[in-house]
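Observations on the model geometry
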Number of protein chains: 2
Amino acid sequence: MVKNTTIYDIAREAEVSVSTVSRVLNDTAPVKASTRDKIMKVIEKHKFQPNALARSLIKKETGTIAMIVPDITNPFFPEVFYGANQEARDKGYTFFLCNTSGDDDRESEYLTILREKRVDGIIFIGGRINLANCPSELVQEVLEAAETIPVVLVNGNLAKTKFHRVYSDEAVGAALATQHLIDLGHRDIAFIGGLDFMTTTIQKVKAVKKKLEDHDLTLRKEWIIYGEFSIQAGRDLMNKLLDDSEHRPTAVLCVNDFTAIGAIKAASDRGLRIPEDISIVGFDDSPLSTAVIPELTTVTQNTHELGKYAVERIYQINNAMPTKRTTVLTPELIVRQSSGPAPKK
Amino acid sequence: MVKNTTIYDIAREAEVSVSTVSRVLNDTAPVKASTRDKIMKVIEKHKFQPNALARSLIKKETGTIAMIVPDITNPFFPEVFYGANQEARDKGYTFFLCNTSGDDDRESEYLTILREKRVDGIIFIGGRINLANCPSELVQEVLEAAETIPVVLVNGNLAKTKFHRVYSDEAVGAALATQHLIDLGHRDIAFIGGLDFMTTTIQKVKAVKKKLEDHDLTLRKEWIIYGEFSIQAGRDLMNKLLDDSEHRPTAVLCVNDFTAIGAIKAASDRGLRIPEDISIVGFDDSPLSTAVIPELTTVTQNTHELGKYAVERIYQINNAMPTKRTTVLTPELIVRQSSGPAPKK
DNA sequence: ACTATTAATGATATGGGTTTCATAGTTGTG
DNA sequence: CACAACTATGAAACCCATATCATTAATAGT
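Residues numbered from 1 in each chain as written. Chains lettered and ligands numbered in written order. Predicted model: local features only at pLDDT ≥ 70, side-chain atom pairs only at ≥ 80, totals over all residues. Heavy atoms only, no water.

Digging into the UniProt feature "domain: HTH lacI-type" (unreviewed entry) in chain A
The positions that UniProt labels "domain: HTH lacI-type" (unreviewed entry) are, in the present scheme, residues 5–59 of chain A. Helix and strand shares over residues 5–59 of chain A are 71% and 0% respectively, and the end C-alpha atoms of the span are 21 Å apart. (UniProt positions renumbered as here; feature names shortened; annotations may be inferred. Helix = DSSP H or I, 4+ residues; strand = E, 2+ residues; numbered from the N terminus.)

As structure tokens, then:
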């Protein structure tokens, strides 16, 4: 590996001081045109790239932010990252992406590394910190980090804390989906998928219950089945649901699109037609939702916006601009082919 | 934002010199146990996090590598990133993820930023640099970068250059898929999807042609239809193919899983049964392939390995370990439900 | 013409670590 | 006991930028 050129090399060759070279680089003070030209020529000759480490060290900003995600393989997260990255580029940030792969220790491991690297902001999305049962040591640790670095929690649950938060109001989304099914004449509605200690699950179940009760309906206990968020889980959970052929729901709400797709597969395998025999509704409006047959009725999560607003928030904090602590995005229902009128008895 | 503690603060409070603190931090020379304890106590009291910028500046390594991807929303890339990130963590690297969103300028824009940030390695996957028609200025620029920073191209085409490369042998994969269809009795085989100037497309088409010719079959010109890599493109291309009801292939090879899924949808919409009426084969073995009905016959791309080997290569270069310039992974065929015996005429 | 600004530039401090070199204190060994 | 070989520590240089302060040259104002 070849050694990098430094500002001293440039100064020497251009026969000026490093201060003047710095002025040319940053346009921070007037430099005589002839001097500037001379310096520029040397810079271009060597394709000089100023060392960002040295710059960051004194400027006390790195132009770097990070997102910590539990599983980049889950298409929800790339969508959020996409939006965040767009905004980051506008604001001059480069992005660290830290994938914890669900490994509990890595969240705080990455946190330490990122603090040492003096990132200008950290976005947590999913993961333990956003869990309903998040251990308090972790909360403590993140709070500490937040004293020196702007931290934003996306779709988390720590409402009472003073963390900055951006989230999509999943309760509203779940209510929307439930109302939709009720409007279609469904009375027997089930909910499947999602770990029971995850905020995203809890909020949805609660909202579905509430909405049903508003219409004098109930969410039967046997019809709330928790599990993972994967396609396979959706399949298994749906099969469990359908095993009881005496009592079958006419519609199923799923915690996300993955489980919904699994549910569709399970139902199809048993010869059920969707939506004629059973309606299935997902959550997230991931690219998958139009990829399946039938196309999935689902709820948008404003994924790009989630990322965008999170980065914007970091930018505002760093530039001492006024900000609110929480940003709420409202989901919308997208009706496609997987939901239809309740079958007549 | 609160000011960070420095090594000088620690040294002062522990009544030692910064050198000694540094020794304790890095375990680079013996320190008396009592001194060490005293220092550790102060470090822990302040939750001291040494500034990685200062360290990197002098050490000339940042523990940071980057991946430049064209579209993180395409599930192929998160899979590769996943594998890369796992390996990165093992080797002590943190990851920049740069999403160009297909914007031509950003590749070199990010390249500049990453060079200034003195990353320890850059992985290019997809994007212009890996195109068959990559502009030579960009090649030049990346070559220059490669003089100071290890650069690895994943699934690229620049065979004649001296870049480090890791790729999945797509020709072998395409041949495998073709052979599979031939074995099933198909004679009328089409290929859809993919931009005609992308390496990934070119190699596959070439391999399919070759394999067919080996069996005295031909790939009809009208049955090679190029396009985007999206679900929608797959749908459109398949529709175009099926519009000619006189001459219809009995099997379709798709450039990736996305287009294959689109193709399945188009065929289903026309009432064709898969695989009874028409067989469809994808490429990538993305998580999607088991999410659709019928499940997709496809070719693995060893996504995690691609990422893993790319990072490993960077590590080897940085540590002056012997490496080969190219690593080739061999894809495998995964037969699922979307391919079956050719229909009898 | 003479002082008051502004332009143009250089010298030096600074950021926060690591590394090298020097020195004092210990232990070992013939 | 004298001298070598370590151990333990500090002082100072270094990494490579930016920022501040000082100085000189050029222009402006009265």
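Observations regarding the sheet that holds strand E6 (residues 189–192) of chain A
All names here are of chain A. Spatial ordering of the open sheet is given by E7-E6-E8-E9, a layout of four strands whose pairing is parallel. Of all strands in the sheet, those bounded by a partner on one side alone are strand E7 (224–225) and strand E9 (279–281). As paired strands, E6 and E7 are joined by two bridges and run parallel to one another. The residue of E7 that forms the bridge with Ile-192 is Ile-225. Helix-sheet contacts for helix H8 (residues 170–183) involve E6, strand E8 (251–254) and E9, and the interaxial angle to E8 is about 170°. (Pairing = 2+ DSSP bridges. Contact = heavy atoms within 4.5 Å. Axes fitted to C-alpha atoms, helices over the stretch in contact; angles between N-to-C directions.)

Some remarks on helix H11 (residues 257–269) of chain A
An α-helix turns once every 3.6 residues. As a result, residues three or four positions apart point the same way. Residue and element names in this part refer to chain A. In this model H11 runs 18 Å from its N-terminal to its C-terminal C-alpha over 13 residues, within 8% of the 18 Å that 1.5 Å per residue would give. Residues of H11 that are buried: Asp-257, Phe-258, Thr-259, Ala-260, Ile-261, Gly-262, Ala-263, Ile-264, Lys-265, Ala-266 and Ala-267. On its buried side, H11 packs onto E6, helix H10 (231–243), E8, E9 and strand E10 (298–299). At the N-terminal end of H11, a side-chain oxygen is found 3.4 Å from the backbone nitrogen of Phe-258, two or three residues along, and the residue is Asn-256. Remark: Gly-271 follows H11 within two positions and exhibits a positive phi of approximately 80°. (Expected span 1.5 Å × (residues − 1). Buried < 20%, exposed > 50% of the residue type's maximum accessible area, 1.4 Å probe, protein only. Polar contact = N/O pair within 3.5 Å; in protein donor to acceptor, adjacent residues only side chain to side chain.)

Topic: the interface of chain A and chain B
A common way to state how big an interface is: give the accessible area lost once the parts meet. Opposite the 64 residues of chain A that make contact, chain B presents 64 residues. Summed over both partners, the interface of chain A with chain B buries about 5,800 Å², with 53% contributed by carbon and sulfur atoms. One can count eight salt bridges joining chain A with chain B. For the salt bridge of Arg89(B) with Glu109(A), the shortest nitrogen-to-oxygen distance reads 2.9 Å. There are 34 residue pairs in polar contact (both at pLDDT 80 or more) connecting chain A and chain B. Elements that contribute at least two residues to the side of chain A that touches chain B include exactly helix H4 (52–59), helix H5 (76–91), strand E2 (94–99), helix H6 (104–116), helix H7 (136–148), H10 and H11 of chain A. Looking at the side of chain A that touches chain B residue by residue, the classes come out as 29 nonpolar, 18 polar and 17 charged. (Buried area = accessible area lost by both parts, 1.4 Å probe. Salt bridge = Lys/Arg side-chain N within 4 Å of Asp/Glu carboxyl O. Nonpolar A, V, L, I, M, F, W, Y, C, P; charged D, E, K, R; others polar.)

Brief notes about unusual backbone geometry
The step from Ile293(A) to Pro294(A) runs through a cis peptide bond, and the omega angle for that step is -5°. In this fold, Pro294(A) is placed in the loop between E9 and E10. If you check the backbone angles, Asn155(B) has positive phi at about 55° while not being a glycine. The exposure class assigned to Asn155(B) is buried, which follows from its relative accessible area of 16%. If you check the backbone angles, Asp216(B) has positive phi at about 60° while not being a glycine. Residue placement: Asp216(B) occurs in the loop between helix H9 (199–214) and strand E7 (224–225).

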